[in-house]
Amino acid sequence: MGALIETVMGDITKVTDVEAIVNAANNSLLGGGGVDGAIHHAAGPELLKECAGLHGCKTGQAKLTGAYRLPCKYVIHTVGPIWHGGDSGEPEDLRNAYHNSLQVASDHGIRRIAFPSISTGVYHYPLEKAARIAVKTVKEFCEANPGQFDVVRFVLFNERTLKAYEDVLSA
Ligand code: AR6
């Protein structure tokens, strides 16, 4: 059976029925604002300790940690691109962030995973463009790896973000 790709509005730190949530982190992996700040706050200080041992993460790469006080089992930290106008490799970097997060999840046998809208907050990637890449990359990965995932969920923080992803998924 194919993976269910779904959208929901909400706070990703509150998701209880997935094994892994993805964090939109920065290259240091040492915390920040936005969803990164919320994940570290909810997970507790042990998460930062584990992240400190990972020696950062390149843009487009992904690294897995435990989830500590979060209700899931793992956090997959990835780093999306900062938007500089679109001619600096941003689309490829964003695609890699989704693809490599799914690859790390798949390597750990994870079947249920939730993503935030990577790069569309502090990193200012235009929302509609980012949503198209996010959905396309997830669909392609699931098609290339049939049976790997049961659920890939986009957990979107506000109405505008939810609508952008819904529009792409229903197109
Ligand atoms: N649950 C789901 N989505 C959220 C949550 C949450 N709890 N909180 C925010 N969002 P951003 P970026 C949404 O800025 O653009 C950090 O400082 C938010 O509304 O978190 O990849 C890192 O350390 C937006 O739709 O991530 C980096 O320095 C989306 O998550 C930098 O921000 C992404 O916004 C990364 O920037």
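As shown above, the structure is provided for reference.
Thresholds applied
Residues numbered from 1 in each chain as written. Predicted model: local features only at pLDDT ≥ 70, side-chain atom pairs only at ≥ 80, totals over all residues. Heavy atoms only, no water. Near = heavy atom within 4 Å. Polar contact = N/O pair within 3.5 Å; in protein donor to acceptor, adjacent residues only side chain to side chain. Areas by Shrake-Rupley, 256 points an atom, 1.4 Å probe, with all protein chains shown as cover. Helix = DSSP H or I, 4+ residues; strand = E, 2+ residues; numbered from the N terminus. Nonpolar A, V, L, I, M, F, W, Y, C, P; charged D, E, K, R; others polar. Buried < 20%, exposed > 50% of the residue type's maximum accessible area, 1.4 Å probe, protein only. Arc of directions from axis to C-beta. Contact = heavy atoms within 4.5 Å.

### A word on the site of the ligand
Part 1: The full set close to the ligand counts 22 residues, and Asn 26, Gly 33, Val 35, Asp 36 and Val 122 are the nearest of them.
Part 2: Contacts to the ligand include Asp 11, whose side-chain N or O atom sits 2.9 Å from a nitrogen atom.
Part 3: The protein chains hide 91% of the 700 Å² of surface that the ligand would expose on its own.
Part 4: Considering every element that reaches the shell around the ligand, the biggest residue donor is helix α1 (residues 34-43), with four residues.
Part 5: Along the lines of polarity and charge, the residues of the shell around the ligand split into ten nonpolar, ten polar and two charged.

### Details of α1
For the α-helix, the turn length of 3.6 residues means that residues three or four positions removed from each other point alike.
Part 1: Buried within α1 are the following residues: Asp 36, Ile 39, His 40 and Ala 43. Seen along its axis, α1 keeps its buried residues to an arc of 95°; they face one direction. Turned more than 90 degrees away from the buried face of α1 sit Gly 34 and His 41, all of them exposed.
Part 2: Close packing links the buried residues of α1 with β2 (20-24), α2 (45-52) and β4 (74-78).
Part 3: Where α1 terminates, the next one or two residues include Gly 44, which has phi positive at roughly 95°.

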